[in-house]
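Fold and geometry: a report
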Amino acid sequence: MPESSTPDRPPAPKQFRSSRLSRAEDAVMRVLVRLHVVPRTSLLTTRGRKSGRPRTNPATVVAQGRSRWLVSPYGVVSWVHNVRADGRVVLHRLLERQTYLAQELPAQDAAPILREYVRIAPATRPYFAAAVDAPVEEFAAEADRHPVFALVPAGPHRGG
């Protein structure tokens, strides 16, 4: 029996694939975020690493006190490449627009953030191998597949 189908081994996490459906879902989410219907979710704008043009996606932010983190639940997707290339992001929620410097965290620092993310964003749980109640060490093993960025305020947003 292949290793992936043993009864005592959990199924592999889902892999995100961009499609017309996922882009349509993002468009609907952008509208819902603008209407303030989706809690903890903002519009994330990055600068395209090739085009230089602004790219906007919905993003759930982990917040504790004044600290903010951005998690990529679907892996190393386009916005992650854009953040790694530019280091700046803009989060927009209701009338608030804030520019941040994004600093990628090492696995040990990312682990508790990933654990909290899975708790607050249940729709993304199938993309993680670690269960919501798993020890933090299991989330450290997920950090290479789910980058986490600490967000440091960079002053008010300028430009579009």
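Our subject in this report is the structure included herewith. (Residues numbered from 1 in each chain as written. Predicted model: local features only at pLDDT ≥ 70, side-chain atom pairs only at ≥ 80, totals over all residues. Heavy atoms only, no water.)

1. Things to note about the packing of aromatic side chains
Under the definition given, this model contains 3 aromatic pairs. The interplanar angle of 40° and the centroid separation of 6.4 Å between the aromatic rings of Tyr 117 and Phe 128 together place this pair among those described as tilted. In this pair, Tyr 117 sits in helix H3 (residues 107–120) while Phe 128 sits in the loop between H3 and helix H4 (136–140), placing the two residues 11 residues apart along the sequence. Judged by relative accessible area, Phe 128 falls into the buried class, the value being 5%. (Phe/Tyr/Trp six-rings, centres within 6.5 Å; stacked < 30°, edge-to-face > 60°. Helix = DSSP H or I, 4+ residues; strand = E, 2+ residues; numbered from the N terminus. Buried < 20%, exposed > 50% of the residue type's maximum accessible area, 1.4 Å probe, protein only.)

2. As for the nonpolar core
Counting residues in hydrophobic clusters, the biggest one holds 20 residues, and the most contacted among them are Val 62, Val 71, Leu 114, Phe 139 and Val 148. Residue assignment for this core shows that the elements contributing at least two residues are strand S3 (67–71), H3, H4 and strand S6 (148–156). Counting residues per element, this core draws most heavily on H3, which supplies 7 residues. Other than its neighbours up to four places away in sequence, Val 148 contacts Trp 69, Leu 70, Val 71, Gln 103, Glu 104, Leu 105, Ala 110, Ile 113 and Leu 114. In this structure, Leu 44, Val 80, Leu 91 and Tyr 100 belong to the second largest nonpolar core, which totals 14 residues. (Core = buried A, V, L, I, M, F, W, Y, C linked by side-chain atoms within 4.5 Å. Contact = heavy atoms within 4.5 Å.)

3. Brief notes about the pattern of salt bridges
In this structure the tally under the stated criterion is 3 salt bridges. Here Glu 116 makes a salt bridge to Arg 119, at a shortest N to O gap of 2.6 Å. Here Glu 116 and its partner Arg 119 are both found in helix H3, 3 residues apart, which amounts to about one turn of the helix. Residue Arg 145 pairs with Glu 142 through a salt bridge whose shortest N-O separation is 2.8 Å. Its relative accessible area of 34% is what places Arg 145 among the partly exposed residues. The class for Glu 142 is buried, based on a relative accessible area of 1%. (Salt bridge = Lys/Arg side-chain N within 4 Å of Asp/Glu carboxyl O.)

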